[in-house]
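# Structural characterization, general
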Amino acid sequence: GLWREALERRTALIDSLLRENTDAYRLFLGSNEGRPGLTVDRLGELLLAQVFFDPLNKDEEGCLKDYASEHSWQLVIWPKYDRQTMKERSELARKGMIGEEFKICREQGQKFAVSPLSCGYDPYIYLDFRCGRRWLRREVEERLQSGCESISVLNLFAYTCSAGAACAALSDKVKVTNVDFGFWCLDIGRVNARLNGVKDVNFRLWHEDFFPIIRQLSGLGLKGRAARHKYMRVGVEKFDLIILDPPTVAKSLFGKVDIVNDYQALFKPCLLSLKEGGAILAVNHSNDVSFEQWQEVLYSCADKTGVPLQGCQLLNLEDDFPSLDAKHPVKVVVIRI
């Protein structure tokens with residue numbers, strides 16, 4: 001019953017997405033639809049069920065099998081993750097075996113690689129960030145229509161570079177630099193770029209930690225103990241668009257990512273790496289920070305940095321990611337200077 005009700009609520013949305021040649025969307029979000037710990041996504045010809053708490057019962061599994069069979073899709077059920085599962089899948093990724101299982105999904109006509117196997121908690125594309133990729137396409141197209149001869153994009157914490165590929169696929173005038181510490185992520189990023197006809201010369205892949213790259217690009221440089229470690233050397237550079245989608249918490253030899261207590265450490269060097277008239281597409285997906293609190297941090301950081309903001313626009317997540325209280329933990333904003 002819950003499954004059919006969820007499908008009925010999404011009928012208009014799914015029809016709209018299919019008309020724009022999008023076949024990647026969330027069919028069931030259990031936390032909001034009466035079944036916590038279960039999500040079901042369509043990704044092209046892949047139907048993916050992720051189980052985070054209680055395993056599927058026979059009725060649930062039967063509904064999913066029937067739905068997949070009805071549409072001739074491959075059903076894949078991911079059980080609750082544990083460290084051993086993550087380790088095994090990471091080893092497969094390093095050996096290049098996961099790439100052999102690639103499927104293709106589409107978003108606004110663009111192609112992206114997904115997989116029934118993964119060494120993460122998702123199949124290589126964040127569906128809740130569709131609103132961000134949609135904004136990026138629109139922003140790039142508007143800049144091109146206004147006569148821009150070139151558009152430079154910096155994609156930080158790029159993962160599989162879907163956001164970067166979404167930009168670069170629109171024109172040879174768009175040059176994207178993707179930064180991530182996971183080499184296998186960048187390998188999939190190259191696949192995504194080539195699926196959309198993006199030339200390698202327009203799609204840089206930098207396998208490095210966030211901090212040494214952004215601090216060099218911004219002109220801040222590395223200091224103290226961090227400067228003594230080996231890192232990729234780059235020069236000062238400014239960009240038209242910057243994508244900042246960090247994990248909740250991460251620690252490396254060069255610094256600590258903490259989107260709850262210290263988003264400023266991530267945001268300040270991005271501001272300094274942005275061209276006048278540029279924009280940052282920033283994400284904070286912590287339950288512990290409201291949009292209002294985060295917005296205050298962003299404005300305060302900009303004031304202290306001496307880069308006044310022209311606006312901070314909150315993007316709405318699309319309708320396959322409903323929120324019970326209208327305050328979704330994933331917050332995506334467009335910041336202009």
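Cut-offs and rules
- Residues numbered from 1 in each chain as written.
- Predicted model: local features only at pLDDT ≥ 70, side-chain atom pairs only at ≥ 80, totals over all residues.
- Heavy atoms only, no water.
- Helix = DSSP H or I, 4+ residues; strand = E, 2+ residues; numbered from the N terminus.
- Rg over C-alpha atoms; globule rule 2.2 N^0.38 Å.
- Buried < 20%, exposed > 50% of the residue type's maximum accessible area, 1.4 Å probe, protein only.
- Core = buried A, V, L, I, M, F, W, Y, C linked by side-chain atoms within 4.5 Å.
- Contact = heavy atoms within 4.5 Å.
- Pairing = 2+ DSSP bridges.
- Axes fitted to C-alpha atoms, helices over the stretch in contact; angles between N-to-C directions.

Here we come to the overall build of the protein chain. Per the secondary structure count, the protein chain includes 10 helices and 15 strands. Taken over the C-alpha trace, the protein chain has a radius of gyration of 20 Å; the compact-globule value for 337 residues is 20 Å, and the two agree within 12%. C-alpha extents for the protein chain along the principal axes are approximately 60 × 40 × 40 Å. Evaluated residue by residue, the protein chain yields a buried proportion of 52% over its 337 residues.

To continue, consider the nonpolar core. Judged by nonpolar contacts, the single largest core of 41 residues is most densely connected at Leu-43 and Val-332. With residues near it in sequence (within four places) discarded, Leu-43 still touches Asp-23, Ala-24, Leu-48, Cys-105, Val-114, Pro-123, Ile-125 and Leu-127. One finds Trp-206, Cys-301, Ala-302 and Val-333 within the second-largest nonpolar core, a separate group that totals 40 residues.

Another point: the pairing of strand S12 (residues 255-258). Of the strand pairs in this sheet, strand S11 (residues 249-252) and S12 are connected by four bridges, and their pairing is antiparallel. Considered in S12, the bridge of Ala-250 is made with Val-257. The loop that links S11 with its antiparallel partner S12 comprises two residues.

Now for the environment of Gly-34. Tracing the backbone through its elements, the reader meets Gly-34 in the loop between strand S1 (24-29) and strand S2 (38-43). Gly-34 sits 21 residues away from Leu-13 along the chain, and the two C-alpha atoms are 20 Å apart.

Now for the sheet that holds S2. In space, the four strands of this open sheet follow the order S1-S2-S3-S4, with mixed pairing throughout. Pairing within the sheet leaves two strands with one partner each, and these edge strands are S1 and strand S4 (74-78). Averaged over all pairs of adjacent strands, the angle between their axes in this sheet comes to 20°, without regard to strand direction. Sheet topology note: the S2/strand S3 (residues 46-51) ladder contains six bridges and is antiparallel. Among the inter-strand pairings, Val-40 is bridged to a residue of S3, identified as Ala-49.

All right, on to the sheet that holds strand S14 (residues 311-315) then. As a general point, the strands of a sheet are linked pairwise by backbone hydrogen bonds and lie either parallel or antiparallel. Pairing within the open sheet is mixed, and its seven strands lie in the order S9-S8-S7-S10-S13-S15-S14. Single-partner strands in this sheet number two, and they are strand S9 (203-207) and S14. On average, each strand axis in the sheet is inclined to that of its neighbour by 15°, with strand direction left out of account. Of the strands in this sheet, strand S8 (174-180) and S9 touch helix H7 (residues 183-195), which is tilted by about 170° from S9.

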